[in-house]
Amino acid sequence: MTAKRILVTGAAGQLGQAVRDVRSPEADFIFTDVVIPPELTPTTEVMDITDRKSIGNILDETQPDCILNLAAMTDVDGCELKPELANRINVESVKNLRELFSGLIVHISTDYVFDGLAGPYHEDDPVHPLSVYGQTKRDSELVLQNAGGPFCIIRTNVVFDYTRTRASFVKWVVDSLKAGQPIRVVDDQWNNPTWTVDLAEKLLVLIQRDAHGLYHYGGADYLNRYQFSHRIADKFHLDKALISRISTSELNQAAPRPLKGGLHTDTICRKFNFAPLPLNEALDAIKQRLGT
Ligand SMILES: NC(=O)c1ccc[n+]([C@@H]2O[C@H](COP(=O)([O-])OP(=O)(O)OC[C@H]3O[C@@H](n4cnc5c(N)ncnc54)[C@H](OP(=O)(O)O)[C@@H]3O)[C@@H](O)[C@H]2O)c1
């Protein structure tokens, strides 16, 4: 298989960091983001996906075979409060990419396209987003599905890692409990959390295999967020008594959350011979990497 030249958007984000970690040295990557932290400056180009000129320049310069679109406005409550901005970043930008690039676009979507009444969900279950974020991600899928060019959409859910530089659920739980800080975690949001590194590996396989269509991918374990925090505490030998359970409604967040979310992964696993990663193995790998 010949290595492809892959242009990655949003490459300074959580999933982008994992793609950097798992990439094979012989493949050709162009990493881009709108704001680049100093440590990534030498390896990342500035590209704002809301700016057609910025996209056009990089495409002319680099001539990729494929775009891996990880860029998005992912702050769910922020999207609710700023729907126009959310639409510009999450939907209009995908139109920009599609109009300016005729090759394969691999795009990431979410189980927030569902209402969370009956998860986990299959690919052909009816969508019903509850939030602006969920609606923009659904609209982004439709942009690609209706435009006619080659695309692969991967819906995933609760993407996690312990990232040093960014807010993350695992980091929040580990750091709070290590500091003896009590935390409150919702026990009514159900998902199959997905380790960034596992997802990044699968995305690169899908690109190499020229995958097309819409698929669901997530981790092997279906559990609620409170149970997830316990699994993290157990793995890092931290005090579970510091974790108290609350319900989502007590958080009074701007955006409604789907409660029984999550994704069935049997279609993608059958087609590409994937196996979803058990949470225990992902947490082991994170712990080992942190050297704790
Ligand atoms: N995290 C999850 O649990 C989850 C679950 C399901 C699906 N997803 C999807 O997975 C994808 C990757 O998510 P992630 O967790 O890696 O999110 P992330 O950490 O927020 O990364 C997104 C990146 O996109 C960048 N970005 C924002 N606006 C941009 C623009 N105009 N041009 C170029 N880049 C821009 C962000 O920069 P700033 O930080 O500077 O804004 C950030 O670096 C997204 O499509 C998301 O919707 C995530």
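Residues numbered from 1 in each chain as written. Predicted model: local features only at pLDDT ≥ 70, side-chain atom pairs only at ≥ 80, totals over all residues.

Caption draft 1: Representation of the overall build of the protein. For the protein, the count of helices and strands is ten helices and 13 strands. Rg of the C-alpha trace for the protein: 19 Å, near the compact-globule value of 19 Å for 292 residues, within the 12% margin. With the principal axes as the frame, the protein shows a C-alpha extent of 55 × 40 × 40 Å. Taking all 292 residues of the protein together, 44% fall into the buried category. Long-range pairs, those at least 24 residues apart, make up 78% of the contacts in the protein between residues at least 6 apart in sequence. (Helix = DSSP H or I, 4+ residues; strand = E, 2+ residues; numbered from the N terminus. Rg over C-alpha atoms; globule rule 2.2 N^0.38 Å. Buried ≥ 20, exposed ≤ 12 C-beta atoms within 10 Å, placed from the backbone. Contact = placed C-beta atoms within 7 Å.)

Caption draft 2: Representation of the site of the ligand. Around the ligand, the structure places 27 residues, and the nearest of them are Gly 10, Gly 13, Leu 15, Ala 71 and Ala 72. Of all the secondary structure elements, the ones that give two or more residues to the shell around the ligand are helix H1 (14–22) and strand S5 (104–110). Here the residues of the shell around the ligand sort into 13 nonpolar, ten polar and four charged. (Near = placed C-beta within 6 Å. Nonpolar A, V, L, I, M, F, W, Y, C, P; charged D, E, K, R; others polar.)

Caption draft 3: Quick peek at the environment of Asn 280. The residue Asn 280 is located in helix H10 (residues 279–290) in this model. With 13 C-beta atoms counted inside 10 Å, the residue Asn 280 sits in the partly exposed group. Spatially, the C-alpha atom of Asn 280 lies 8.9 Å from that of Asp 221, the residues being 59 residues apart in sequence.

Caption draft 4: Structural context of the packing of helix H4 (residues 83–100) against helix H5 (residues 132–147). Running from N to C, H4 and H5 cross one another at 15°; their axes reach a closest spacing of 9 Å. Classified by the angle between their axes, H4 and H5 sit roughly parallel to one another. Read as a crossing pair, H4 and H5 show a hand that is right-handed. Residues Pro 83, Ala 86, Asn 87, Asn 90, Val 91, Val 94, Lys 95 and Arg 98 of H4 lie in contact with H5, whose contacting residues are Val 132, Tyr 133, Thr 136, Lys 137, Asp 139, Ser 140, Val 143, Leu 144 and Ala 147. Within the contact of H4 with H5, the residues separate by chemical class into nine nonpolar, four polar and four charged. (Axes fitted to C-alpha atoms, helices over the stretch in contact; angles between N-to-C directions. Parallel < 35°, antiparallel > 145°, perpendicular 65-115°, else oblique. Left-handed = near helix turned anticlockwise from the far one by under 90°.)

Caption draft 5: The arrangement of unusual backbone geometry in detail. Of note, the bond from Gly 119 into Pro 120 is cis; its omega dihedral lies within 30 degrees of zero at 0°. Looking at the element boundaries, Pro 120 is found in the loop between S5 and H5. One non-glycine residue with positive phi stands out, namely Gln 63, at about 45°. Here Gln 63 shows up in the loop between helix H2 (52–62) and strand S4 (66–69). On the basis of neighbour count, Gln 63 is assigned to the exposed category, with 11 C-beta atoms found within 10 Å.

Caption draft 6: The arrangement of the pairing of strand S1 (residues 5–9) in detail. Taking burial as the measure, the five residues of S1 include four buried ones, the bulk of the element. Sheet topology places S1 next to strand S2 (residues 28–33); four bridges connect them, and they run parallel. Bridge pairing in S2 links Val 8 to Phe 31. Bridge analysis of S1 against S4 gives four bridges, and the strand direction is parallel. Looking across to S4, one finds that Leu 7 is bridged to Ile 67. (Pairing = 2+ DSSP bridges.)

Caption draft 7: Geometry of the environment of Lys 287. Secondary-structure assignment places Lys 287 in helix H10. Along the primary structure Lys 287 and Phe 236 are separated by 51 residues, whereas in three dimensions their C-alpha atoms are 7.2 Å apart.

Caption draft 8: How the structure looks around the sheet that holds S5. Strand order across the open sheet formed by seven strands is S3-S2-S1-S4-S5-S6-S11, with parallel pairing between neighbours. One side of each edge strand has no neighbouring strand; the edge strands of this open sheet are strand S3 (44–46) and strand S11 (213–216). Adjacent strand axes in the sheet meet at a mean angle of 25°, parallel and antiparallel pairs treated alike.

Caption draft 9: Just the nonpolar core, in detail. Formed by 71 residues in total, the largest nonpolar core has its most connected members in Val 8, Leu 68, Val 106 and Leu 203. For this core, the element with the highest residue contribution is helix H7 (residues 196–208), accounting for seven residues. If we skip the residues at most four places from it in the chain, Val 8 touches Gly 16, Val 19, Phe 29, Ile 30, Phe 31, Thr 32, Leu 68 and Leu 70. (Core = buried A, V, L, I, M, F, W, Y, C linked by C-beta atoms within 7 Å.)

Caption draft 10: Spatial organisation of H10. Across its twelve residues, H10 extends 17 Å between first and last C-alpha, which sits within 8% of the 16 Å expected from 1.5 Å per residue. Where H10 is concerned, the buried positions are Leu 279, Ala 282, Leu 283 and Ile 286. Within H10, the buried residues cover an arc of 95° as seen down the axis, which keeps them to one side. Across H10 from its buried face, at more than 90 degrees, point the exposed residues Asp 284 and Gln 288. (Expected span 1.5 Å × (residues − 1). Arc of directions from axis to C-beta.)

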